[in-house]
Amino acid sequence: MTTAPYTAQDLQQLAEQAGRDLEEASALDVLRWAADTFGPRFCVTSSMEDAVVSHLASRALPGVDVVFLDTGYHFPETIGTRDAVAAVMDVNVITLTPVQTVAEQDAQYGEKLHDRDPDLCCALRKVAPLEAGLKGYDAWATGLRRDESPTRANTPVVGWDARRQKVKIAPIARWTQEDVEAYVAEHGVLTNPLLTDGYASVGCAPCTRRVLEGEDARAGRWAGIGKTECGIHQ
Ligand code: SF4
């Protein structure tokens, strides 16, 4: 296993080469490559919508770090899923929190910032803590899939995260919803109970609603305000 420190230039070259080589590889092989290449300097980020990528990563790298952003606005079901993942899977769950509690943010910016300026709320409660939390890693994996929404249709399996100067891996980028469900069924993977209660994508409670017939999976996120991403993946 190679764990030598890489320069940013090394990482960019690795990302670009792997992006070409691994486009057709299985999700597990992509994660095995990440485990072999980065060892403990690789982590998975999870929204605790399901534990599919965490499960796959634990097969490639037992004890892998799984990073969860606790914005303070999650559904109880999401926190419960996080706790269950930590209890039963061979992963090391790391919970990141924003600098300010919700109460402190309310005191500085006023209540319900998410209704008035969701970009600022996401910047404070998601983007900044993740930025800080990823500092010790060379590569991170996400559960992004191309079929989730038009904004994710070109997601590379392995790409270069220029903003953070890290390798960004989307091992299930090519999967469909059916692929996810088949993997969950085959391996008994934990999923957020809200997925069986009309939610197709689970984020913070104030900014997430159930999806309607025919809507894409992320239509219930920031519905009606034209926002489609929190900023982590932009
Ligand atoms: S999803 Fe909503 S509540 Fe969560 S950080 Fe973004 S704006 Fe705030």
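In this text the structure is predicted, and so the values were computed from the model without any measurement.

A. Representation of the pattern of salt bridges within the structure. Under the criterion given, the structure shown has 11 salt bridges. Residue Glu-23 is joined to Arg-146 by a salt bridge in which the shortest nitrogen-to-oxygen separation is 3.0 Å. On the criterion of sequence distance, the pair formed by Glu-23 in the loop between helix H1 (8-21) and helix H2 (27-38) and Arg-146 in the loop between strand E4 (139-141) and strand E5 (158-161) is long-range, its members being 123 residues apart. For Asp-83, the salt bridge goes to Arg-82, with nearest N and O atoms at 2.6 Å. Overall, Asp-83 belongs to the partly exposed group, its relative accessible area being 40%. In this structure Arg-82 comes out as buried when scored by relative accessible area, which is 14%.

B. Examining the environment of Val-167 more closely. Within the fold, Val-167 resides in strand E6 (residues 166-169). Classification of Val-167 as buried rests on a relative accessible area of 0%. When the C-alpha atoms of Val-167 and Cys-122 are compared, they prove to be 22 Å apart, with 45 residues separating the residues in sequence. Once residues lying within four places of it in the same chain are set aside, the contact partners of Val-167 are Leu-11, Ala-15, Trp-33, Phe-38, Asp-138, Ala-139, Trp-140, Val-158, Gly-159 and Trp-160.

C. Inspection of the sheet that holds E6 at higher detail. Taken in spatial order, the 6 strands make up an open sheet running E3-E2-E1-E4-E6-E5, and their pairing is mixed. Edge positions in the sheet fall to strand E3 (91-96) and E5, since each of these pairs with one other strand and no more. Geometrically, the sheet is characterised by an average inter-axis angle of 30° between neighbouring strands, direction not taken into account. As paired strands, strand E1 (residues 42-45) and strand E2 (residues 64-69) are joined by 3 bridges and run parallel to one another. Along E2, the bridge assignment pairs Thr-45 with Val-67.

D. Representation of the site of the ligand in the model. Surveying the vicinity of the ligand reveals 10 residues, the closest of which are Tyr-73, Cys-121, Cys-122, Cys-204 and Cys-207. Among the elements that take part in the shell around the ligand, helix H7 (residues 118-133) stands out by supplying 5 residues, more than any other. For the shell around the ligand, the residue count by class is 7 nonpolar, 1 polar and 2 charged.

E. Fine view of the nonpolar core. By size, the foremost hydrophobic cluster in this structure holds 45 residues, and its most contacted members are Trp-33, Phe-42, Leu-56, Val-158, Val-167 and Ile-169. In terms of residue count, the dominant contributor to this core is H2 (8 residues). Contacts of Trp-33, omitting those with residues within four sequence positions, involve Leu-14, Ala-18, Leu-22, Phe-38, Val-158, Val-167 and Ile-169. By size, the runner-up hydrophobic cluster in this structure holds 12 residues, among which are Val-67, Leu-96, Cys-122 and Tyr-137.

F. Layout of the packing of H2 against helix H3 (residues 52-60). In contact at an axis separation of 8 Å, H2 and H3 are set at 55° when each is read in the N-to-C sense. Relative to H3, the element H2 is oriented oblique. Relative to H3, H2 is oriented so that their crossing is right-handed. Seen from H2, the contacting residues are Ala-27, Leu-28, Leu-31, Arg-32 and Ala-35; seen from H3, they are Val-53, Leu-56, Ala-57, Arg-59 and Ala-60. Broken down by class, the residue content of the contact of H2 with H3 amounts to 8 nonpolar, no polar and 2 charged.

G. Highlighting the side chain of Arg-82. With respect to the helices and strands, the residue Arg-82 is situated in helix H4 (residues 76-88). Reaching out from Arg-82, the side chain makes a polar contact with the side chain of Asp-83 at a distance of 2.6 Å. Ignoring sequence-local partners within four residues, the contact set of Arg-82 consists of Met-48, Phe-68, Asp-70, Val-93 and Thr-95.

H. Up close: the environment of Ala-182. Relative to the assigned elements, Ala-182 resides in helix H8 (residues 177-187). For Ala-182, a relative accessible area of 44% puts it in the partly exposed group. Residues Ala-182 and Leu-120, 62 residues apart in the sequence, show an inter-C-alpha distance of 37 Å.

Cut-offs applied
Counting of residues starts from 1 at the beginning of each chain's written sequence and follows it residue by residue. Note on the predicted model: pLDDT of at least 70 is required for a residue's local features to be given, and 80 or more for side-chain atom pairs to be given and counted; whole-chain, interface and lining totals, by contrast, use all residues. Here the side-chain values reflect all heavy atoms present in the structure, with hydrogen atoms and water set aside. In what follows, salt bridge is the name for a side-chain nitrogen of Lys or Arg lying within 4 Å of a carboxyl oxygen of Asp or Glu. Numbering goes from the N terminus for both helices and strands, where a helix is a DSSP run of H or I of at least four residues and a strand is a run of E of at least two. Between buried and exposed lies partly exposed: a residue is buried under 20% and exposed over 50% of the maximum accessible area for its type, with that area taken using a 1.4 Å probe on protein chains only. Here, two residues are considered to be in contact whenever any of their heavy atoms come within 4.5 Å of each other. In this analysis, strands are considered paired if DSSP registers two or more bridges between them. Structural elements are reduced to axes, namely lines fitted to C-alpha atoms, with helices fitted over the stretch in contact, and the angle between N-to-C directions of any two is expressed from 0 to 180 degrees. Nearness is defined per residue: one heavy atom within 4 Å of the molecule or strand is enough. Classification convention: Asp, Glu, Lys, Arg as charged; Ala, Val, Leu, Ile, Met, Phe, Trp, Tyr, Cys, Pro as nonpolar; all other residues, Gly among them, as polar. Here, the term nonpolar core denotes a set of buried Ala, Val, Leu, Ile, Met, Phe, Trp, Tyr and Cys residues that are joined through side-chain atoms within 4.5 Å. Should an angle fall under 35 degrees it is taken as roughly parallel, and over 145 as roughly antiparallel, whereas 65 to 115 is taken as roughly perpendicular and any remaining angle as oblique. Crossings are classed by handedness, with left-handed meaning an anticlockwise turn of the near helix from the far one by less than a right angle and right-handed meaning a clockwise turn. N or O atoms closer than or at 3.5 Å make up a polar contact, with two conditions inside protein: a donor-capable atom paired with an acceptor-capable one, and, for residues adjacent in sequence, both atoms drawn from side chains.

By themselves, these are just geometric observations and shouldn't be taken as functional.
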